[in-house]
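Residue-level listing of the chains:
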Amino acid sequence: MVQLVGPLRKELADSLSTCKVLVVGAGGIGCELLKNLVLTGFKNIEVIDLDTIDVSNLNRQFLFQKKHVGKSKAQVAKESALTFCPTANITAYHDSIMNPDYNTEFFRQFILVMNALDNRAARNHVNRMCLAADIPLIESGTAGYLGQVTVIKKGLTECYECQPKPTQKTFPGCTIRNTPSEPIHCIVWAKYLFNQLFGEEDADQEVSPDTADPEAAWNPEDTAARATASEKDGDIKRVSTKEWARSTGYDSVKLFHKLFKDDIRYLLTMDKLWKKRKAPTPLDWHQLRNSGPKDESVGSGLKDQQILSVWGLCKMFQHSVETLRTMLQEKGEGAELVWDKDDAPAMDFVTAAANLRMHIFSMNTKSRFDVKSMAGNIIPAIATTNAIIAGLIVLESLKILSGELESCRTIFLNKCPSLRKKLLVPCILDPPCANCYVCASKPEVTVKLNVHKATVLCLQDRILKERFGMVAPDVQIEDGKGTILISSEEGETDANNHKFLADFGIRNGSRLQIDDFLQDYTLLVNVLHTEELERDVEFEVVGEAPDKAPPPQPNKEEVNSVTNGNKDFAQPSTSSKAPADDDDDIMVVESDEEGASSSSAAAAAPSSATKRRHSDAETGESSSKRLRRDQSGAAAAPTDDDDDDIIALD
């Protein structure tokens, strides 16, 4: 007879009480998940999150209260979860999972890792660490009413990076408010600003500098003190942006100086943000008026497709504010405007405000036509979606702990029922992709670029870190001499940063061996020189490895082929199926046949991304470099924010 402990078999209940699991992220999904785990019987849990609690979290992250504002999410989530089960052993880390301290050995102590993240860089990193440690990973994500859960296991399923993902359209709030780096960040900020001034105010759409930005203050006590300065018990009292604007009579010049001068000056006082970024430049209305160019637009063509000068943007901002103010007054006391991209004054306002912010943060400005085409609808965070997904994560974890990995599924949560009236659609996990540039036995990609224009810094930051998700890459040229182009040791190769790749003899057909010792990850990059890239395009990833030219100097010496995460055997080091799991990577599936594979089901959803296929040509690495595996000193990268404190755009 099977013995039961509550609803679980005794063997499984005993396993829950002794196994150790890691939860990455303590936000929307993370709060629900942590509560579920302790109520299910998990006793040894470690949770990590770099973020701090903001008032905008309180409507859906139920482990937090007003008195917790400014404190570490991980620490408060731990304390709140212990009220459900005081006998649980929970360890909280207020830190980034991408910190080098959390290496392969750290991951190997867990029987299971569960992701509750909001950004692709952190997801990619955890995916690679679980591959290297050979630990099962449960991935998850939500976007409004949509959600997805999947299981990733090395060698058995696709990994998170096996399938191409569309360009990421979700961003942490602190990126929007403090450190925008792409035009879309500024457009989202401008849309938020419209609502703060003229529409329905939303605490999730704050536009002022984020004083609790975890990257600006690493000390939790400092962050908490800053967020709760002069406030009692975390009950922050703020004068709303709309109230302040009304008190000025919606004076366009005063609004301009607050948004584009005073707030920017305040951001500059958060000096930690600008150690590795170009600092923003405040604007002054009077200086621009006196020194601005006479022409308000640059270039010819249709009016909507012209790029306005900075002073032209100032005039557009002024005129749109005055028009919107009049519209608001005509609607009467307490009225609100609704942003519509087909409403000319509203579109002018967002175009002007977004472009002025782009200029401040040293980005190329966009035409009104471009801004209109990029502006999309914001997907709200739904607490119920987070709760459903957190429950599914626990159910999949019970299958893994029962040794029933073959019964695990990728599960899609849809907004509308399928033809069979189902909201939850399970799909069989797909096997590893043979050409995946992460989990294949010999990962290899071809990158097309102009070696006379591409710098070493571009290779490091834009290609290896941003495009391929590495944290601390070391780059060696396969030129017969083993030239080190980039070193993860601080300052060792900084002199190379602004030199062109051609300066090091890199040409069409050159091969670069990349090692990220923190991620236990190796990648061979084939260089395809071209002078025909589109304007403002620095590089392209080629889909087929045969497009590469043969290496100019083939290696005469054989080197041991090393599988990522495995020094002993060159066998497939794949990982499990990773769903499109950024909030914007959710794929809606109409099929509800359990036999359908997750990839084929996902194919039913339209995607603008082109599938990449990579070669499995041989790769190797020298043992001397492998010795440095545990000496990586990479800086922590993007924050491991919760999945619902982000902005998702259609």
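See the structure shown above.
These figures come from a predicted structure and were not determined experimentally. Every chain is numbered on its own, with residues counted from 1 as its sequence reads. Totals for whole chains, interfaces and linings use every residue, but because this is a predicted model, local features are given only for residues with pLDDT of at least 70 and side-chain atom pairs only at 80 or more, for both listing and counting. Note that water and hydrogens are dropped before the side-chain values are worked out from all heavy atoms of the structure.

Asker: Would you mind going over the overall build of the protein with me for this structure?
Answerer: Helix and strand definitions here come from DSSP, where helices need a minimum of 4 consecutive H or I residues and strands a minimum of 2 consecutive E residues; each element is numbered from the N-terminal end. Along its length, the protein carries 18 helices and 20 strands. Whether a residue is buried, partly exposed or exposed follows from its accessible area with a 1.4 Å probe, protein chains only, as a fraction of its type maximum: under 20%, in between, or over 50%, in that order. Burial statistics for the protein: of 650 residues in total, 58% are counted as buried. Taking all contacts inside the protein whose residues are at least 6 apart in sequence as the whole, residues at least 24 apart take part in 74%. The contact criterion used is simple: two residues touch if any of their non-hydrogen atoms lie within 4.5 Å.

Asker: I tried to follow the pattern of salt bridges on my own but got confused; where do I start?
Answerer: Should the charged atoms of two oppositely charged side chains come close, the side chains can pair. Salt bridge, as used here, is a side-chain nitrogen of Lys or Arg placed within 4 Å of a carboxyl oxygen of Asp or Glu. Going through the model one piece at a time under the given rule, you end up with 16 salt bridges. Between Glu396 and Lys399 there is a salt bridge, with the nearest N and O atoms lying 2.9 Å from each other. Of the two residues, Glu396 and Lys399 are both situated in helix 15 (residues 383–401); the distance of three residues between them amounts to about one turn of the helix. Residue Lys399 is classed as partly exposed on the basis of its relative accessible area, which comes to 23%. Put simply, Glu444 and Arg511 hold a salt bridge, and the shortest N to O gap is 3.9 Å. With Glu444 in strand 14 (residues 444–449) and Arg511 in strand 17 (residues 511–516), this residue pair connects regions lying 67 residues apart in the sequence. For Glu444, a relative accessible area of 0% translates into the label buried. Overlapping salt bridges, with partners in common, bring together Glu444, Glu478 and Arg511 in one network.

Asker: I'm lost on unusual backbone geometry in this one. Help?
Answerer: Working note: non-glycine residues mostly have negative phi, and peptide bonds are mostly trans. Phi angles above zero are rare outside glycine, and Asp134 is one such case at about 55°. Turning to its location among the elements, Asp134 is positioned in the loop between helix 5 (120–133) and strand 7 (137–143). Taking relative accessible area as the criterion, Asp134 reaches 39% and is therefore assigned partly exposed. Residue Lys421 is not a glycine yet carries a positive backbone phi of 65°. Mapped onto the elements, Lys421 comes out in the loop between strand 12 (409–413) and strand 13 (424–428). When its relative accessible area of 73% is taken as the criterion, Lys421 is described as exposed.

Asker: I tried to follow the packing of aromatic side chains on my own but got confused; where do I start?
Answerer: For any pair of aromatic rings, geometry is given as the distance between the ring centres together with the angle between the planes. Here a Phe, Tyr or Trp ring, Trp counted by its six-membered ring, pairs with any other such ring whose centre lies within 6.5 Å, and the pair is stacked when the planes are under 30 degrees apart, edge-to-face when over 60, and tilted otherwise. Here the structure, examined in full by the defined rule, presents 18 aromatic pairs. An aromatic cluster is built from Trp189, Phe194, Phe198, Tyr250, Phe256, Phe260, Trp285, Trp311, Phe317 and Phe349, whose rings are joined through pairwise contacts. The ring of Trp189 is capped by Arg357, whose NZ or CZ atom sits 4.4 Å from the centre of that ring. A ring has a charge above it when a Lys NZ or an Arg CZ is no more than 6 Å from the ring centre and no more than 35 degrees off the ring normal.

Asker: Can you walk me through the side chain of Thr522 in this structure?
Answerer: If you trace the backbone, Thr522 turns up in strand 18 (residues 521–529). Think of a polar contact as two N or O atoms within 3.5 Å of one another; within protein, one of them needs to be a possible hydrogen donor and the other a possible acceptor, and neighboring residues in sequence only count if both atoms come from side chains. Side-chain polar atoms of Thr522 contact the side chain of Asp515, separated by 3.1 Å.

Asker: Help me understand the sheet that holds strand 14, please; the structure alone is not making it clear to me.
Answerer: Sheets are built from strands that pair by backbone hydrogen bonding, the pairs being arranged parallel or antiparallel. Any two strands between which DSSP finds at least two bridges are classified as paired. Here we have six strands laid out as an open sheet, ordered 16-15-17-18-14-19, and mixed in their pairing. Pairing within the sheet leaves two strands with one partner each, and these edge strands are strand 16 (483–486) and strand 19 (539–542). Ignoring strand direction, the axes of neighbouring strands in this sheet form an average angle of 30°. In terms of strand pairing, strand 17 meets strand 18 through six bridges, oriented antiparallel. Each bridged residue has a counterpart across the sheet, and for Leu512 the counterpart in strand 18 is Val525. Throughout, an axis means a line fitted to C-alpha atoms (over the contacting stretch in the case of helices), and angles, computed between N-to-C directions, take values from 0 to 180 degrees. Across the face of the sheet, helix 16 (residues 456–467) comes into contact with strand 14, strand 15 (473–477), strand 16, strand 17 and strand 19 while running at roughly 70° to strand 16.

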